[in-house]
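Spelled out, the chains give:
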2 protein chains.
Amino acid sequence: MKTHNCGELNAKNANQEVILAGWVDTLRVSGKIGFLLLRDRTGLVQVFLDKNLTEKFKDTRRESVVMIKGLVNKRPENQIKKEMKTGDVEIAAKEMELIAEAEPLPIELDENSTTALDKRLDYRFLDTRRNKIQAIFKIRSTIYKALVNFYDKEGFTIINTPKLTTIGLESGAESFVVNYFDKKVVLAQSPQFYKQMFANGGFDRVFEIGPVYRAEKSHTTRHLTEFIGADFEMGFINDENDIMDMAEKMMKYIIEKVKTERKDELILLNIKLNIPQVIPRISIIELKKILADKGKKLTLDDDLDAEAERLIGEYVIKEFGEEFIFVTHYPVKVRPFYHMRSDQKTTRSFDLLFKGVEVCTGAQREHRLNILQEQAKEKGVVIPKIYEDIFRYGAIPHGGIGFGLDRITQRMLNLDNTREAVLLPRDVERVTP
Amino acid sequence: MKTHNCGELNAKNANQEVILAGWVDTLRVSGKIGFLLLRDRTGLVQVFLDKNLTEKFKDTRRESVVMIKGLVNKRPENQIKKEMKTGDVEIAAKEMELIAEAEPLPIELDENSTTALDKRLDYRFLDTRRNKIQAIFKIRSTIYKALVNFYDKEGFTIINTPKLTTIGLESGAESFVVNYFDKKVVLAQSPQFYKQMFANGGFDRVFEIGPVYRAEKSHTTRHLTEFIGADFEMGFINDENDIMDMAEKMMKYIIEKVKTERKDELILLNIKLNIPQVIPRISIIELKKILADKGKKLTLDDDLDAEAERLIGEYVIKEFGEEFIFVTHYPVKVRPFYHMRSDQKTTRSFDLLFKGVEVCTGAQREHRLNILQEQAKEKGVVIPKIYEDIFRYGAIPHGGIGFGLDRITQRMLNLDNTREAVLLPRDVERVTP
């Protein structure tokens with residue numbers, strides 16, 4: 001229904017007749033003439049309305065949908081609006097048609113809107129009409145695409161594993177129960193089990209993007225009950241360093257892609273991205289010593305808490321100029337039974353921190369059934385038969401990582417709440433719209 | 001742990017020393033020497049075992065994992081094995097190590113295995129060690145990637161919408177109920193509601209790949225309770241033809257990509273893909289006349305059944321040389337309330353058939369709230385307030401399609417059951433492994 005996109009017009013289109021359609025961003029009447037900022041997914045353009053059109057449309061409410069036929073005029077050099085991508089042109093409307101009138105808006109959509117997040121989420125589809133909010137999700141979309149292309153390029157098979165399942169490797173207490181005809185099943189808490197299954201199932205390298213469910217009664221800015229996990233698993237590895245190599249390469253790749261393909265959105269959000277050079281790999285034992293010097297005491301068996309992660313984030317920026325760090329050699333005590341051990345107390349596992357927050361967890365997995373059984377026993381875990389079976393018919397040395405697409409987006413864009421990176425977040429309170 | 005992949009070796013590697021690791025595909029002992037076919041995700045290579053290695057490893061069971069150090073020897077011209085990608089070389093093993101011994105296999109893995117599908121699914125991770133099975137999922141992975149790149153290129157934002165929800169636009173009877181803390185919620189039966197929400201939410205063009213849940217008690221080769229849906233929605237359209245244009249372009253794109261990037265797998269599966277030229281768009285009214293001539297009588301209000309689809313598939317191949325056809329103008333009676341109507345009895349909707357089976361459904365949506373409300377009332381549907389809200393604040397003319405990644409893969413590869421295109425299918429009986 002339109003010949004051009006609003007945000008793509010520029011001086012090259014001068015003197016063309018164009019048909020545009022979009023949302024009324026603002027309509028400013030000045031005397032008898034009007035200036036309409038028309039918006040579509042590509043951006044804004046200014047439309048000049050003469051006396052007749054102004055008279056007819058002056059009361060059109062914000063967010064109404066209109067169609068314009070008009071002429072592209074190049075602005076004189078001294079009238080170019082530098083703050084707008086299309087600032088070197090203005091459209092002189094010849095005809096205008098109202099496609100859909102908007103009712104008064106239930107939330108504020110201004111740049112500096114102070115509407116609370118909760119209310120914004122109730123009307124998320126209006127919230128996303130704001131350029132900055134839309135920019136977040138366009139960047140997230142580019143991360144998604146970059147992940148898919150990265151793993152494809154590296155020989156991974158993109159798989160989809162079931163979310164309706166009867167088994168999980170995490171604690172059952174945090175599972176959502178589904179009524180499945182006359183049975184009860186649960187929503188998968190991670191694709192861990194399945195990705196190990198198919199790495200060993202001949203694919204060797206598998207990758208999945210899909211929803212992950214956690215019935216945690218947490219009320220933090222980090223925890224969601226449904227989030228989009230990205231997981232890979234790869235085989236024929238020497239040790240966990242092969243996994244970190246792949247994770248590092250991936251991070252470089254996605255940041256590079258976002259930098260290249262989402263320039264406008266990054267400017268809009270005022271984000272400068274740094275491509276990691278070499279991500280330091282430092283053992284948690286070493287880091288605990290450094291933390292102790294900063295007054296943060298942790299025992300050898302402790303996990304890192306949020307404060308420790310933040311301090312490590314500061315340390316790695318200061319010492320290495322990097323926003324990322326691999327924290328390696330987590331103690332057996334804080335890792336699940338299926339992580340391979342390098343000695344009695346230490347696992348071949350790691351976390352990746354990004355700007356002082358954990359964004360991904362990985363490890364080499366134990367693929368020797370007898371050792372796996374011992375480790376499960378020690379942790380008081382009963383291994384499901386089908387999980388055991390994976391290791392009976394030729395299991396390969398393998399490992400992988402899991403991370404949240406939402407969390408990566410949040411850290412990359414310095415958002416203060418993971419919910420800002422999710423269109424419709426789900427948590428203990430919220431399961432609408 | 002390996003320097004090369006098995007299936008990538010060829011005469012160019014002659015005289016190189018390589019380290020390989022993989023699964024024992026076959027081990028044939030001939031007198032005192034042995035011939036090992038070693039397999040990894042890239043394919044097979046033949047390894048020659050001398051007297052000592054043969055003696056030591058002759059009882060190694062199929063699917064055990066081994067590591068080989070050896071020399072790549074070019075085969076003489078008259079001994080090249082044309083049926084193998086790596087048929088121009090043979091590896092002379094110098095060292096061999098057993099990484100993981102396989103137990104006797106619970107299912108047959110031969111090329112001509114007659115193990116029933118049900119049993120194969122119980123041990124799917126062994127089933128996928130077969131080259132032909134793996135080929136299906138590698139092609140599916142390429143379709144996935146192609147979809148993501150296609151929609152990105154066309155200006156779509158890739159979104160993830162929640163699967164835990166309280167509202168649906170399809171019949172509630174077919175929803176799975178989830179115990180969500182002290183509430184009951186359902187698993188989304190489609191992203192229909194949400195994709196319309198965000199097409200109107202300023203993104204204009206949105207695309208999603210994600211699971212879709214149907215609590216249908218069907219026992220057919222087509223129906224699954226969980227499948228991977230691919231859905232797009234786009235705005236500022238003239239009519240349903242814009243949607244069909246996009247769907248047609250997408251089909252050409254993905255078939256082209258599979259043809260180019262999965263040559264080996266297509267050969268293995270004996271599939272010749274045809275890129276559609278112009279997909280015919282024929283009204284269901286017209287097609288019913290043609291069907292009547294073939295003895296298949298349907299009333300104006302009837303939907304097409306499987307036999308009708310099959311006959312139309314034959315017709316379109318015969319008359320147009322195309323495997324695809326858009327069946328347009330479905331009667332109001334068989335379409336949901338939110339499909340836009342072109343007159344009292346006819347909707348602006350269509351189905352896309354591929355080799356005589358419906359693979360996708362699309363339509364222009366009704367975006368005028370008053371008409372939408374009337375249509376809902378007529379169908380006896382109570383519209384959820386939040387769905388109504390989408391149309392209150394500047395709704396754009398829009399439409400889209402939904403299809404199953406599994407189904408597209410199945411049709412493309414002529415598989416006799418959709419389950420063959422799903423790693424771990426879910427249906428009324430099966431919710432494991």
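Quick caveat, the model's predicted, so the values are computed rather than measured.

1. Thoughts on the overall build of chain A
Then, in step 1: Helix and strand content of chain A: twelve helices and 16 strands.
Then, in step 2: For chain A, the spread of C-alpha atoms along the principal axes amounts to about 85 × 60 × 40 Å.
Then, in step 3: When each of the 433 residues of chain A is scored for burial, the buried share is 48%.
Then, in step 4: For chain A, the proportion of contacts with a sequence separation of at least 24, taken over those separated by at least 6, is 65%.

2. Some words on the relation of the copies chain A and chain B
Then, in step 1: Aligned on chain B, chain A shows an RMSD of 0.0 Å; the corresponding rotation is 180 degrees and the shift along the axis is 0.0 Å. Within this description, the copies of the chain are treated as partners about a two-fold rotation axis. Residue V178 of chain A of chain A places its C-alpha closer to the rotation axis than any other residue of that unit, at 2.2 Å.
Then, in step 2: A high fraction, 99%, of the interface residues of chain A reappear at the interface in chain B, so the copies pair face to face through one surface.

3. A word on the environment of I408 of chain B
Residue and element names in this part refer to chain B.
Then, in step 1: Mapped onto the elements, I408 comes out in helix α12 (residues 405-412).
Then, in step 2: Each C-alpha atom of the pair I408 and E358 lies 9.5 Å from the other, and the pair is 50 residues apart in sequence.
Then, in step 3: If sequence neighbours within four positions are ignored, I408 has contacts with I143, V359 and F403.

4. Some details on the environment of L98 of chain B
Residues and elements named next belong to chain B.
Then, in step 1: Tracing the sequence through the fold places L98 in strand β5 (residues 89-100).
Then, in step 2: L98 gets classed as partly exposed once you count the C-beta atoms within 10 Å, which come to 13.
Then, in step 3: When the C-alpha positions of L98 and G229 are compared, they lie 42 Å apart, and in sequence the two are 131 residues distant.

5. Focus: the environment of T3 of chain B
Residue and element names in this part refer to chain B.
Then, in step 1: Relative to the elements of secondary structure, T3 occurs in the segment before β1 (17-30).
Then, in step 2: According to the C-beta neighbour criterion, T3 is exposed, with 11 such atoms within 10 Å.
Then, in step 3: Sequence separation between T3 and K69 is 66 residues; the distance between their C-alpha atoms is 9.6 Å.
Then, in step 4: Residue contacts for T3: discarding those within four places in its chain leaves V18 and I19.

6. Thoughts on helix α4 (residues 131-153) of chain A
Residue and element names in this part refer to chain A.
Then, in step 1: Across its 23 residues, α4 extends 32 Å between first and last C-alpha, which sits within 8% of the 33 Å expected from 1.5 Å per residue.
Then, in step 2: Counted residue by residue, α4 has 19 buried out of 23 residues, so it is predominantly covered.
Then, in step 3: After α4 finishes, the residue G155 shows a positive phi value of roughly 85 degrees.

7. Points about the sheet that holds strand β3 (residues 43-49) of chain A
Then, in step 1: Pairing within the closed barrel is mixed, and its five strands lie in the order β1-β2-β3-β5-β4 (chain A). Ignoring which end each strand starts from, the neighbouring axes of this sheet average 50 degrees apart.

8. Overview of the interface of chain A and chain B
It is common to give the size of an interface as the accessible area that goes away when the parts come together.
Then, in step 1: Facing 77 residues of chain A, the contacting portion of chain B comprises 76 residues.
Then, in step 2: The residue inventory of the side of chain A that touches chain B, partitioned by class, reads 41 nonpolar, 19 polar and 17 charged.
Then, in step 3: Of the pairings in the sheet, the one linking strand β8 (residues 177-180) of chain A to strand β8 (residues 177-180) of chain B comprises three bridges and is antiparallel in character. Across the sheet, V178 of chain A pairs through a bridge with V178 of chain B, a residue of β8 of chain B.

9. Digging into the pairing of β1 of chain B
Residues and elements named next belong to chain B.
Then, in step 1: Pairing geometry for β1 and strand β4 (residues 65-74), over seven bridges, is antiparallel. Following the sheet pairing, E17 is matched in β4 by L71.
Then, in step 2: Across seven bridges, the pairing between β1 and strand β2 (residues 33-40) is antiparallel. Pairing of S30 across the sheet is with I33, part of β2.
Then, in step 3: What sits between the antiparallel neighbours β1 and β2 is a turn of two residues, in which G31 has the positive phi angle 70 degrees.

10. Examining the sheet that holds strand β3 (residues 43-49) of chain B
Then, in step 1: Strand order in the closed barrel formed by five strands is β1-β2-β3-β5-β4 (chain B), with mixed pairing between adjacent strands. Strand-to-strand, the axes of this sheet are offset by a mean angle of 50 degrees, without reference to chain direction.

11. Overview of helix α6 (residues 240-261) of chain A
Residues and elements named next belong to chain A.
Then, in step 1: In this model α6 runs 32 Å from its N-terminal to its C-terminal C-alpha over 22 residues, within 8% of the 32 Å that 1.5 Å per residue would give.
Then, in step 2: Among the residues of α6, E240, I243, M246, A247, M250, M251, I254, I255 and V258 are the ones counted as buried. The arc enclosing the buried residues of α6, seen along the axis, measures out at 160 degrees, which places them on a common side. Away from the buried face of α6 by more than 90 degrees, exposed residues D245, K249 and T260 are located.

12. Some words on the pairing of strand β16 (residues 398-404) of chain A
All names here are of chain A.
Then, in step 1: Of all seven residues making up β16, six are buried, and the element is well covered by its neighbours.
Then, in step 2: Of the pairings in the sheet, the one linking strand β11 (residues 226-235) to β16 comprises seven bridges and is antiparallel in character. Its bridge partner lying in β16, M234 is registered against G399.
Then, in step 3: Where strand β15 (residues 357-364) lies against β16, five bridges are found, and the strand directions are antiparallel.

13. Observations concerning the packing of α4 of chain A against helix α12 (residues 405-412) of chain A
Residues and elements named next belong to chain A.
Then, in step 1: It is at 10 Å that the axes of α4 and α12 come closest, and there the two elements cross at 125 degrees. Of the possible angle classes, the one that applies to α4 and α12 is oblique. When the axes of α4 and α12 are compared, the crossing they make is right-handed. On α12, the residues touching I136, I139, R140, I143 and Y144 of α4 are L405, I408 and T409.
Then, in step 2: Its residues assigned to classes, the contact of α4 with α12 comprises six nonpolar, one polar and one charged.

14. Regarding unusual backbone geometry
Residues and elements named next belong to chain A.
Then, in step 1: Residue T432 is joined to P433 through a cis peptide bond whose omega torsion reads -10 degrees.
Then, in step 2: Tracing the backbone shows P433 in the segment after α12.
Then, in step 3: With a phi close to 60 degrees, H329 is a non-glycine residue in the positive phi region.
Then, in step 4: Within the secondary structure layout, H329 lies in the loop between β13 (324-328) and β14 (349-354).
Then, in step 5: For H329, a count of 20 C-beta atoms within 10 Å corresponds to the buried category.

15. Points about the nonpolar core
Then, in step 1: Formed by 228 residues in total, the largest nonpolar core has its most connected members in L147 of chain A together with L147 of chain B.
Then, in step 2: Not counting residues within four places of it along the chain, the set of residues in contact with L147 of chain B comprises I209, A230 and I254 of chain B.

16. Topic: the confidence of the model for chain A
Then, in step 1: In this model, chain A carries a mean pLDDT of 96, and residues with pLDDT of at least 70 account for 99%.
Then, in step 2: Predicted as a complex, the structure gets a pTM of 0.98 and an ipTM equal to 0.97.

Rules used throughout
- Residues take numbers from 1 onward in each chain, read along the sequence in its written order.
- Written order determines the labels here, with chains lettered from A and ligands numbered from 1.
- The predicted nature of this model means local features are confined to residues of pLDDT at least 70 and side-chain atom pairs, given and counted, to a pLDDT of 80 or more, with totals for whole chains, interfaces and linings taken over all residues.
- Numbering of helices and strands runs from the N terminus, with a helix taken as a DSSP run of H or I at least four residues long and a strand as a DSSP run of E at least two residues long.
- In this scheme the burial state of a residue depends on its C-beta neighbours within 10 Å: 20 or more other such atoms mean buried, 12 or fewer mean exposed, and anything in between means partly exposed; the C-beta positions come from the backbone.
- By the criterion used throughout, residues are in contact when their C-beta atoms, derived from the backbone, lie within 7 Å.
- Superposing copies: least-squares fit, C-alpha atoms only, residues required to have pLDDT of at least 70 in both.
- The span expected for a helix works out to 1.5 Å for each residue beyond the first.
- For two strands to be treated as a pair, DSSP must find at least two bridges joining them.
- Axis definition: a line fitted to C-alpha atoms, over the contacting stretch in the case of helices. Angles run 0 to 180 degrees between N-to-C directions.
- Residue polarity is assigned by list, with Asp, Glu, Lys and Arg as charged and Ala, Val, Leu, Ile, Met, Phe, Trp, Tyr, Cys and Pro as nonpolar; anything else, Gly included, falls into the polar class.
- Summarising the geometry, the arc corresponds to the directions from the helix axis toward the C-beta atoms.
- Here is the rule for angles: anything less than 35 degrees is roughly parallel, anything more than 145 is roughly antiparallel, 65 through 115 is roughly perpendicular, and the remaining ranges are oblique.
- Each crossing gets its handedness from the near helix: less than a right angle anticlockwise from the far helix is left-handed, clockwise is right-handed.
- Throughout this description, the term nonpolar core refers to a group of buried Ala, Val, Leu, Ile, Met, Phe, Trp, Tyr and Cys residues whose C-beta atoms join them within 7 Å.
- The quantity called pLDDT is the predictor's confidence in a given residue, expressed from 0 to 100.

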